[in-house]
Amino acid sequence: RFLYVANSGANTVSAFRVSNGTATPVSGSPYAVGVQPVALRTDPSGGFLYVTDFAGGAVAVLAIDGTSGALSGVSGSPFGAGAGAVSIAVDPAGTFAYVANETAATISAYSIDPTTGALSAIGAPLSTGSAPKSITVDPAGNFVYVANVTTSDDVAVYAIAPSSGALTLSSTIVAGGSFPLAVTVDPSGQFVYAANSSSGDISVFSVDAATGALAAVAGSPFPAGSGARSIAID
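Please read these numbers as outputs of a predicted model, since none were measured by experiment.

Rules used throughout
Residues numbered from 1 in each chain as written. Predicted model: local features only at pLDDT ≥ 70, side-chain atom pairs only at ≥ 80, totals over all residues. Heavy atoms only, no water. Helix = DSSP H or I, 4+ residues; strand = E, 2+ residues; numbered from the N terminus. Buried < 20%, exposed > 50% of the residue type's maximum accessible area, 1.4 Å probe, protein only. Polar contact = N/O pair within 3.5 Å; in protein donor to acceptor, adjacent residues only side chain to side chain. Contact = heavy atoms within 4.5 Å. Pairing = 2+ DSSP bridges. Salt bridge = Lys/Arg side-chain N within 4 Å of Asp/Glu carboxyl O.

Student: Looking at this model, I keep getting lost on the side chain of Ser87. Mind explaining?
Tutor: Along the chain, Ser87 turns up in strand β10 (residues 85-90). By relative accessible area, which is 7% here, Ser87 ends up buried. In this structure the side chain of Ser87 is engaged in a polar contact, spanning 3.2 Å, whose partner is the backbone nitrogen of Ile135. Beyond its immediate sequence surroundings of up to four residues, Ser87 is in contact with Ala39, Thr52, Tyr98, Val99, Ala100, Lys133, Ser134 and Ile135.

Student: Even after reading the chapter, I still don't get the pairing of strand β5 (residues 37-42), so can you show me in this structure?
Tutor: Put simply, side chains in a regular strand alternate between the two faces of the sheet. Where β5 and strand β6 (residues 48-53) come together, five bridges link them in antiparallel fashion. Residue pairing across strands places Ala39 opposite Thr52, the latter belonging to β6. The loop that links β5 with its antiparallel partner β6 comprises five residues; one of these, Gly46, has a positive phi angle of about 75 degrees.

Student: Hey, could you run me through the pattern of salt bridges in this one?
Tutor: Opposite charge on two side chains permits them to pair, given that their charged atoms come into close proximity. Under the definition given, this model contains one salt bridge. As a salt-bridge pair, Lys133 and Glu102 come within 3.1 Å of each other at their nearest N and O atoms. Of the two residues, Lys133 is situated in strand β15 (residues 132-137) and Glu102 in the loop between β11 (96-101) and β12 (106-112); the sequence distance between them amounts to 31 residues.

Everything listed here is a matter of coordinates, which is why it stays silent on function.
Spelled out as structure tokens, the structure:
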């Protein structure tokens, strides 16, 4: 019903109502949000919007009005992340959130208050590969995948502790292409895809259901366009 756009240069988020494919600006839009917002995620209930502030190294949490789509900041927002907060993922249950901090080369993990949407840090940020660019959670909420660029060009796999949401590194795999800027999991949880910007191709991996470990499928990586930087699956 609603569409939200991060305006990195203006430090705002634009909000729209969507009806029959037509987007109409919400009254009060755009909304001021942090410094250099670059990534957005809603929680599964559609009640909250999470925005990473790249330059601010934080996550803004905004409550979504279920009738109008208008946004309002929740108490305590923004919540600290790490330098270069560039990507955010929320688990399917809306219980945990994870942020890739590109400049700090870390992952921040949080538990989510189901009533207010507020974030509480789960331990200290976790070191990961060089310049993590993208983070995603598998559909079952068991694993986190992180695309790391610069010197590593790999996809790291982290197991999620069901009770606490804490992450444990379980494996890494070389992406097979250069500069993986985006990583996503298909809805069945059987395959992981990485868009490699510098090599202009897509790496495809099969997923071990028990461990989350990845194995390149035959023929991977597959040609795409120059500067491939984002990927989506219907």
